[in-house]
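Chain and residue survey
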Amino acid sequence: MAYKLGLLAGPGSSKLGIRTTAAIVFGRLVLVPPAGLGIVMLADKLGFLPPGDKMFRFVLLLQHSMPTSVLSGAVANLRGCGREGAAVLFWVHIFAILSMSGWIVLYLHILF
């Protein structure tokens, strides 16, 4: 509901600006997944993950590639910046279509 109300004027109606929105989208969809890959691989090397369970590793990797939760838009709305939060969520979810495809292919190539 908060997501829809924040986009009544359109996704480009936020006060953030294109550079800030692009930086947030880039950070979330391009910089966070490699960090998650490093964390999961380190946990695997240290023996914290069950041995031989590739699906468990895949799910751990996949959670770092997912777009930001819509719940963060509700929190932004409660804090008074719902329009900006909704605009960022909109663009993150649009570009996640492309980025998640690439990350899933990479994860499958690494694991299987």
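As recorded in an unreviewed UniProt entry, the chain goes by PIN-like protein and comes from Rhododendron griersonianum. For the record of the chain, the UniProt heading Subcellular location (unreviewed entry) holds the text "Membrane".

A closer look at helix α2 (residues 18-45)
Compared with the 40 Å implied by 1.5 Å per residue over 28 residues, the 40 Å span of α2 between its first and last C-alpha is a close match. Of all the bends in α2, the greatest reaches close to 35° and is centred on Val32; the proline Pro33 follows between one and four positions later. Here α2 has its buried residues at Thr21, Val25, Gly27, Arg28, Leu29, Pro33, Gly36, Leu37, Val40 and Ala43. The inward-facing, buried residues of α2 contact α3 (54-65) and α5 (82-111). Gly47, located one to two residues past α2, shows a positive phi value of around 85°.

So, the nonpolar core
Core analysis: the biggest nonpolar cluster contains 17 residues, and Leu29, Val40, Leu49, Phe58, Leu61, Val92 and Tyr107 have the highest contact counts within it. Secondary structure elements with two or more residues in this core: α2, α3 and α5. In this structure Val40 touches Leu49, Arg57, Leu60 and Leu61, once residues within four positions along its chain are discounted.

Considerations on the packing of α2 against α3
Axis separation between α2 and α3 bottoms out at 7 Å; the angle between their running directions is 155°. Relative to α3, the element α2 is oriented roughly antiparallel. As for the relative orientation of α2 and α3, their crossing is right-handed in sense. Note on element contacts: α3 touches α2 through Arg57, Leu60, Leu61, Gln63, His64 and Ser65, opposite Arg28, Leu29, Val32, Pro33, Gly36, Leu37, Val40 and Asp44. By residue class, the composition of the contact of α2 with α3 is 7 nonpolar, 4 polar and 3 charged.

Examining the packing of helix α4 (residues 71-78) against α5
Close contact between α4 and α5 brings their axes to 7 Å; oriented N to C, the two are set at 160°. The orientation of α4 relative to α5 falls into the category roughly antiparallel. Judged by the twist between their axes, the crossing of α4 over α5 is right-handed. Along its contact with α4, which presents Ser72, Gly73, Ala76 and Asn77, the element α5 presents Gly82, Gly85 and Leu89. Partitioned by chemical class, the residues of the contact of α4 with α5 number 2 nonpolar, 5 polar and no charged.

Remarks on the UniProt feature "transmembrane region" (unreviewed entry) in the chain
The positions UniProt marks with the feature "transmembrane region" (unreviewed entry) are residues 21-43, 55-76 and 88-110. Structurally, residues 21-43 is divided into 100% helix and 0% strand, and its ends, taken at the C-alpha atoms, are 32 Å apart. Annotation note: span residues 88-110, helix share 100%, strand share 0%, distance between end C-alpha atoms 30 Å.

Focus: the side chain of His64
Within the secondary structure, His64 sits in helix α3. Excluding residues within four positions of it along the chain, His64 makes contact with Arg28, Val32, Pro33, Gly36 and Leu37.

How each quantity is defined
Residues numbered from 1 in each chain as written. Predicted model: local features only at pLDDT ≥ 70, side-chain atom pairs only at ≥ 80, totals over all residues. Heavy atoms only, no water. UniProt positions renumbered as here; feature names shortened; annotations may be inferred. Helix = DSSP H or I, 4+ residues; strand = E, 2+ residues; numbered from the N terminus. Expected span 1.5 Å × (residues − 1). Bend = angle between axes of the 7 residues up to and from the residue. Buried < 20%, exposed > 50% of the residue type's maximum accessible area, 1.4 Å probe, protein only. Contact = heavy atoms within 4.5 Å. Core = buried A, V, L, I, M, F, W, Y, C linked by side-chain atoms within 4.5 Å. Axes fitted to C-alpha atoms, helices over the stretch in contact; angles between N-to-C directions. Parallel < 35°, antiparallel > 145°, perpendicular 65-115°, else oblique. Left-handed = near helix turned anticlockwise from the far one by under 90°. Nonpolar A, V, L, I, M, F, W, Y, C, P; charged D, E, K, R; others polar.

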